[in-house]
Amino acid sequence: MSTPVIVRTVEALRAHTRAWRAAGESIGVVPTMGALHDGHLSLARAARRDCARVITTIFVNPMQFNNPEDLLKYPHSEEADAALLATVPVDLIFAPAREEVYPDGFKTVVTVGGVSEPLEGRMRPGHFDGVATVVTKLFGMTMADRGYFGQKDWQQLQVVQRLVRDLNIPVQIIGCETIREADGLAMSSRNLRLTEAGRAKAGVLYAAITAAAEDIRAGQSDRMAIREAAEAIRAAGFERVEYIELRDAATLMPSDDPASPRRMLAAAWLDGVRLIDNIPV
Ligand code: PAF
């Protein structure tokens, strides 16, 4: 275990990354908003396996929160995060202040068309502009060769893939498997906001979409399987199912073609907490 250096300015970050690049060392970046769990650590471990140097960024990006209350409630736990990252270990934590990322006069917004528009894009207007803008900045700041993102945020992963292709950003995007709790609940910082009773029901989201995917593969109609999944989620005590959709895995457009890779994506509310998940079909 070795303690990662923590830097807060782009200038200090670049002093490290310039030296690493000059020595011919590859750099992997794991962008996070902190409140780290095993899902994040699995990304950092993947970066550790692939790259000579690993940076984890910790920045709660105000630009991607369409709901100000969500931003206020976002947990901050830098000391605990640093201790977890030391177990990987990562080389450097970049934890800038808001003004370092968005200084006075900042006016640029990166918008990725198409893939960012449906589902999360429709439910959370402006969210993916915030993600695309900060990810573009983090890639520029870190000068990384590879960027690690979780499949848990499947649409985000597709948005970032589109972004680097469209803007010729020389970062290879690695999408890592979703890490789940024993009952199937996808790990997320939001899970901490569930009550004990809510937490006991939360695994139903994954169980229901898994059952729907199996039924579709066995020949049941998409619509019927999705309806049954939504009913199961509501019956378990979720307040609301926002969407369950079967989409083309890359474009996120509706797809009824079982021959092309498809993804089932879902968002539902439990205990006033919005949970999302997705699986291949
Ligand atoms: O997935 C997240 O935690 C964030 O959207 C990211 C990629 C760190 C950008 O702020």
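No experiment lies behind these values; they were computed from the predicted model shown.

Caption draft 1: Region of interest: the overall build of the protein chain. The number of helices and strands found in the protein chain is eleven helices and nine strands. On C-alpha atoms alone, the protein chain measures out to a radius of gyration of 19 Å, which is about the 19 Å that the 2.2 N^0.38 rule sets for 281 residues. Taking all 281 residues of the protein chain together, 51% fall into the buried category. The contacts of the protein chain with a sequence gap of at least 6 include a subset with a gap of at least 24, amounting to 74%. Surface exposure of the protein chain reaches about 13000 Å², of which carbon and sulfur atoms provide 52%. The average position of the 32 basic charges and that of the 36 acidic charges among the side chains of the protein chain differ by 2 Å.

Caption draft 2: Summary view of the site of the ligand. Around the ligand, the surrounding shell consists of Pro-31, Thr-32, Met-33, Asn-61, Gln-64, Val-131, Val-134, Phe-149 and Gln-156. The contact in question runs from an oxygen atom of the ligand to an N or O atom on the side chain of Gln-156, over 2.7 Å. Among the elements of the structure, strand S2 (27-32) and helix H7 (127-142) are those that each provide at least two residues to the shell around the ligand. When the residues that make up the shell around the ligand are grouped by side-chain class, the tally is five nonpolar, four polar and no charged.

Caption draft 3: Region of interest: the UniProt feature "binding site: beta-alanine" (unreviewed entry) in the protein chain. Here the UniProt feature "binding site: beta-alanine" (unreviewed entry) sits at Gln-64. Take Gln-64: it is sitting in the loop between strand S3 (53-58) and helix H3 (68-73). The exposure class assigned to Gln-64 is buried, which follows from its relative accessible area of 9%. With sequence-adjacent residues up to four places away left out, Gln-64 is seen in contact with Met-33, Arg-124, His-127, Gly-130, Val-131 and Val-134.

Caption draft 4: Quick peek at the sheet that holds strand S1 (residues 5-7). The parallel open sheet is built from six strands, whose spatial order is S1-S4-S3-S2-S5-S6. With partners counted over all chains shown, the strands left at the sheet margins are S1 and strand S6 (172-176), one partner each. Between one strand axis and the next, the sheet turns through 25 degrees on average, direction left out of account. One ladder, built from two bridges, connects S2 with strand S5 (residues 146-150); its direction is parallel.

Caption draft 5: The arrangement of the pattern of salt bridges in detail. The final tally for this structure, using the stated rule, is 17 salt bridges. The partner of Arg-193 in a salt bridge is Asp-70, and the shortest N-O contact between them spans 3.3 Å. Residue Arg-193 is found in the loop between S6 and helix H9 (196-201), and its partner Asp-70 is found in helix H3; the two are separated by 123 residues along the sequence. You can call Arg-193 partly exposed: its relative accessible area is 25%. Its relative accessible area of 11% is what places Asp-70 among the buried residues. One salt bridge connects Glu-120 with Arg-274, and the closest N-O pair in it is separated by 2.8 Å.

Caption draft 6: Representation of the environment of Ile-216. Looking at the secondary structure, you find Ile-216 in helix H10 (residues 204-217). A relative accessible area of 9% places Ile-216 in the buried class. For the pair formed by Ile-216 and Pro-125, sequence separation is 91 residues and the distance between their alpha carbons is 31 Å. When neighbours within four sequence positions are excluded, Ile-216 is seen to be in contact with Ser-221, Asp-222, Ala-225, Leu-246, Arg-262, Met-264 and Val-281.

Caption draft 7: Summary view of the packing of helix H1 (residues 10-22) against H7. Close contact between H1 and H7 brings their axes to 8 Å; oriented N to C, the two are set at 50 degrees. One finds that H1 runs oblique with respect to H7. Between H1, through Val-10, Leu-13, Arg-14 and Thr-17, and H7, the contact on the second element is made entirely by Gly-140, Met-141 and Thr-142. Residues of the contact of H1 with H7, tallied by class, amount to three nonpolar, three polar and one charged.

Caption draft 8: Examining the sheet that holds strand S9 (residues 273-280) more closely. The antiparallel open sheet is built from three strands, whose spatial order is S7-S8-S9. At either margin of the open sheet sits one strand with a lone partner, and together these are strand S7 (240-248) and S9. The mean inter-strand angle of the sheet, taken between neighbouring strand axes irrespective of direction, is 15 degrees. The pairing of strand S8 (residues 262-270) with S9 spans eight bridges and is classified as antiparallel. Directly across from Ala-268, in S9, lies its bridge partner Leu-275. Of the strands in this sheet, S7, S8 and S9 touch H10, which is tilted by about 30 degrees from S9.

Rules used throughout
- Residues numbered from 1 in each chain as written.
- Predicted model: local features only at pLDDT ≥ 70, side-chain atom pairs only at ≥ 80, totals over all residues.
- Heavy atoms only, no water.
- Helix = DSSP H or I, 4+ residues; strand = E, 2+ residues; numbered from the N terminus.
- Rg over C-alpha atoms; globule rule 2.2 N^0.38 Å.
- Buried < 20%, exposed > 50% of the residue type's maximum accessible area, 1.4 Å probe, protein only.
- Contact = heavy atoms within 4.5 Å.
- Areas by Shrake-Rupley, 256 points an atom, 1.4 Å probe, with all protein chains shown as cover.
- Lys, Arg positive; Asp, Glu negative; His and termini not counted.
- Charge placed at Lys NZ, Arg CZ, Asp CG, Glu CD.
- Near = heavy atom within 4 Å.
- Polar contact = N/O pair within 3.5 Å; in protein donor to acceptor, adjacent residues only side chain to side chain.
- Nonpolar A, V, L, I, M, F, W, Y, C, P; charged D, E, K, R; others polar.
- UniProt positions renumbered as here; feature names shortened; annotations may be inferred.
- Pairing = 2+ DSSP bridges.
- Axes fitted to C-alpha atoms, helices over the stretch in contact; angles between N-to-C directions.
- Salt bridge = Lys/Arg side-chain N within 4 Å of Asp/Glu carboxyl O.
- Parallel < 35°, antiparallel > 145°, perpendicular 65-115°, else oblique.

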